[in-house]
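Letter by letter, the chains look like this.
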Amino acid sequence: MNLLPKTKEEFSQKDYWDKFFKKRGKKAFEWYGEYPELAKYLHKYLKLQDNILIVGCGSSTLGKDLYDVGCRNITNIDISKIVIKQMQSQTDKERPGLKYIQMDALHTDFKNEEFNVIIDKGTLDALMPDQAEGTLKTINQYFSEIQRILKYNGRYICISLLQEHILQWLLSFFPSNNWMFRAIRCYEPEIKSAENGENAMPVFMVVCTKFKLLPRQILELNLGAQETIQKCESVEEVAKHVISAQKAAFICSALQKSSMGVENEITLELYDQRNQALPRYNVYVVESEVTSEVKRGSYAAFIVPEGREAEWLFSTKIGRKKLVSMTSHNRLTIVTMHRGQKYDSLDSVKEELEGVVRNLAPANFNLQKIAFLTLGSDLGKRTVIHEGTSAYSGDYVIEDVEHDDGQKYRRLFYLTSQLVIQSEAKLKTIKTRNGKRKDIIDLATLTCQHHIYMSIATYLVAKEKANVVVLGLGGGGLCSFLRKFLAGGEITAIEIDAEMLKIAKQWFDFALNEKLKAIIQDGLDYIQELDNEGSNVDALLCDVDNKSSDIGMSCPPKEFIAPNTLEKISKAIGSKGIFVVNLVLRDTQLRPGIIATFQKTFKTIVSYKLSEDLNEVFLCTNIEESNQFFMDKLKRGAEAINTFFKKNNVQDEVHVDDYVGSLKINS
């Protein structure tokens, strides 16, 4: 027999409750947890000598339970005559003075300021199924009655699911009427519901304390498992945190009951309640296909070492899918850490995350066997070596990160996009003349894969004094590499941000000389100057990121591939030069239009899509040769870069045949 309401509207109907309790009989019915799960929360806000009113008591044993622990002044009221008769018939001699009265909570017979504590366990939720005009009138009457019969310094304790409209109405009434407002999340009822196989809805206890006059609003939260109170500056902030906690709980509950599908990914941010300005962890829940090697329901958590969260395997959806398949689990919870937070040890992080990881497990999973995976034996090493501010990009940070194999990398991040590596260089350790060890930039290594393929493209114009211009300096890694790879070439970097040149010189060993130059100028202005002066370049490389999010293109800014800009570039490279651009599309529907624009301007378009990233390198030229010519030239370029890597003891290698076979040529 289904005794639960079929629609939310039924919650406020007296006839429904009469019918409900008649069917239920004498068996107690508890909304949002029984006394043992709520006791530790309730007894922080009531005393044994308090005069307590329980509104909308129903058949709950809460009044009896409070009586049995020493509360002697308890009055229970309910609008249902049937349930009050049932409860009165159950009141025995062992509980003298425990009162059950049929009464409408909207119109009570009590004196002004009669009670110290009013407990509402699900009653507000029942009275307020919606925001209809009649409902709001009812709730205003209910709150006014609470305000009338509660003493000053008394507490209105409301146990609720805090649906958004209910939360908003609580926040609009009590803080504006000189009541202190505190919301506490009650985890024990959720845990008990989950153990019973029920929906683990988030349960909250709102404590509103009545004052004659408060100098300012007092708004507090405790949404974590620990007893930590967070002060809020506004009712909007309170609502934001509560709603966020609810959404996370709903997601966890849904994940425990069903598969999310291999095309989907769930993302959560975890905050330390003491510092909610900065996330402590990012959590990604990802699933893989069920195969002979991957058992349905198999589950693990993967902790990404500190400082490595921006790497492709962990920072992109494609990378995380790859990681899941590598672990041979059906579902993987991937956890990344944040700069600005302190983590004591791998074991302490596991302990901190254990509850969340359990809540994200699939149905019927043996929670005693959750595996925590990572890339090494510790949390990884991240060292901030410099922080600064750029007029163009805002605050930035430069970090040295050490992998578990001892390899070190230097990385530049803008704090506006902390999971995007703006510049990266490999570090190598050398011995100085005095015998000390020192980390320097390995200028022969390209850590950005797309830079390798942009460099291969320059082999088409490799010659003595080849004039190569790079739009976008970054840390200078590509320019420094080209200076070594194209031995006779003259490399010029065009960079709009003077701060970036300082960063490149001071932290990425970018060394200016007669064959490696830098000009502080807007790249578009530089292209315009080439056009005005009729100047030519052998190669123009565009590796500029797009700081605007109005279109689905991360690189380059749309102005660099606009038809009028491309016309100027086509004139600047002439009949023998090349234009190489790193294209990164979040919206792949933009690609056909971009290619069509390239084809209208240049004789030949060659593209190479990186297999493990969104980057696609386009080589645009007016060289009129066969497709075979370009394939042969680029093959020799790939072979030349492999020779360079080998000569400089660089571990990278281009798989030449795979690369050439993946080239797409439109001429």
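The structure we're discussing is the one just above.
About the criteria used
- Residues numbered from 1 in each chain as written.
- Predicted model: local features only at pLDDT ≥ 70, side-chain atom pairs only at ≥ 80, totals over all residues.
- Heavy atoms only, no water.
- Helix = DSSP H or I, 4+ residues; strand = E, 2+ residues; numbered from the N terminus.
- Rg over C-alpha atoms; globule rule 2.2 N^0.38 Å.
- Buried < 20%, exposed > 50% of the residue type's maximum accessible area, 1.4 Å probe, protein only.
- Contact = heavy atoms within 4.5 Å.
- Pairing = 2+ DSSP bridges.
- Axes fitted to C-alpha atoms, helices over the stretch in contact; angles between N-to-C directions.
- 1 Å grid on protein atoms, 1.4 Å probe; cavity = no way out; pocket = protein on both sides within 12 Å on 5 of 7 lines; lining within 4 Å.
- Points joined across faces, edges and corners; volume = space filled by probe spheres on them.
- Nonpolar A, V, L, I, M, F, W, Y, C, P; charged D, E, K, R; others polar.
- Phe/Tyr/Trp six-rings, centres within 6.5 Å; stacked < 30°, edge-to-face > 60°.
- Lys NZ or Arg CZ within 6 Å of the ring centre and 35° of its normal.
- Polar contact = N/O pair within 3.5 Å; in protein donor to acceptor, adjacent residues only side chain to side chain.

Draft legend 1. Spatial organisation of the overall build of the protein. Summing up its helical and strand segments, the protein has 20 helices and 28 strands in all. Here the C-alpha atoms of the protein give a radius of gyration of 33 Å, more than 25% beyond the 26 Å that 2.2 N^0.38 yields for 667 residues. Dimensions of the protein, computed from C-alpha atoms along their principal axes, come out at roughly 105 × 55 × 55 Å. Relative to its 667 residues, the protein shows a buried fraction of 52%. Taking all contacts inside the protein whose residues are at least 6 apart in sequence as the whole, residues at least 24 apart take part in 67%.

Draft legend 2. Region of interest: the side chain of aspartate 400. Among the secondary structure elements, aspartate 400 is positioned in strand β16 (residues 394–402). According to the relative accessible area criterion, aspartate 400 is buried, its value standing at 15%. What aspartate 400 contacts, discounting residues up to four positions off in sequence, is Lys381, Arg382, Thr383, Ile385, Tyr409, Arg410 and Leu427.

Draft legend 3. A look at the sheet that holds strand β14 (residues 371–373). Judged by pairing direction, the sheet is mixed, and its five strands sit side by side in the order β10-β11-β13-β12-β14 without closing on themselves. Of all the strands in the sheet, just β10 (265–270) and β14 have a single pairing partner and so form its edges. Direction aside, the axes of adjacent strands within the sheet are offset by 20 degrees on average. Across seven bridges, the pairing between strand β11 (residues 281–287) and strand β13 (residues 331–337) is antiparallel. Residue asparagine 282 lies in a different strand from β13, and its bridge partner there is threonine 336. Helix α11 (residues 317–327) rests against β10, β11, β12 (299–303), β13 and β14 of the sheet, and its axis sits at about 65 degrees to β11.

Draft legend 4. Local environment of empty space enclosed by the protein. A full pass over the atoms with the stated rule returns two cavities of 30 Å³ or more. If you add up the space inside the largest cavity, you get close to 60 Å³. Here the lining of the largest cavity is composed, by residue class, of ten nonpolar, one polar and no charged. Each pocket or cavity is described by its volume, and for the second largest cavity that value is around 50 Å³. Of the residues contributing to the lining of the second largest cavity, the split by class is three nonpolar, three polar and four charged.

Draft legend 5. Inspection of the packing of aromatic side chains at higher detail. Overall, the coordinates contain 21 aromatic pairs when judged by the stated rule. Ring geometry for tyrosine 608 versus tyrosine 659: centroids 4.9 Å apart, planes at 70 degrees, classification edge-to-face. One end of the pair, tyrosine 608, is in strand β26 (residues 604–609); the other, tyrosine 659, is in helix α20 (residues 656–662), and 51 residues separate them in sequence. Here tyrosine 608 matches tyrosine 659 in class, with each residue buried. One aromatic cluster is present, built from ring pairs that chain together Tyr142, Phe143, Tyr156, Phe173, Phe174 and Trp179. Against the face of tyrosine 152 rests lysine 210, its NZ or CZ located 4.5 Å from the ring centre. Its guanidinium or amino end placed over the ring of phenylalanine 413, arginine 339 lies 4.3 Å from that ring's centre, counting from NZ or CZ.

Draft legend 6. Structural context of the environment of glutamate 287. By the element assignment, glutamate 287 lies in strand β11. When the C-alpha positions of glutamate 287 and glutamate 616 are compared, they lie 27 Å apart, and in sequence the two are 329 residues distant. Side chain to side chain, glutamate 287 and arginine 331 meet in a polar contact 2.7 Å long.

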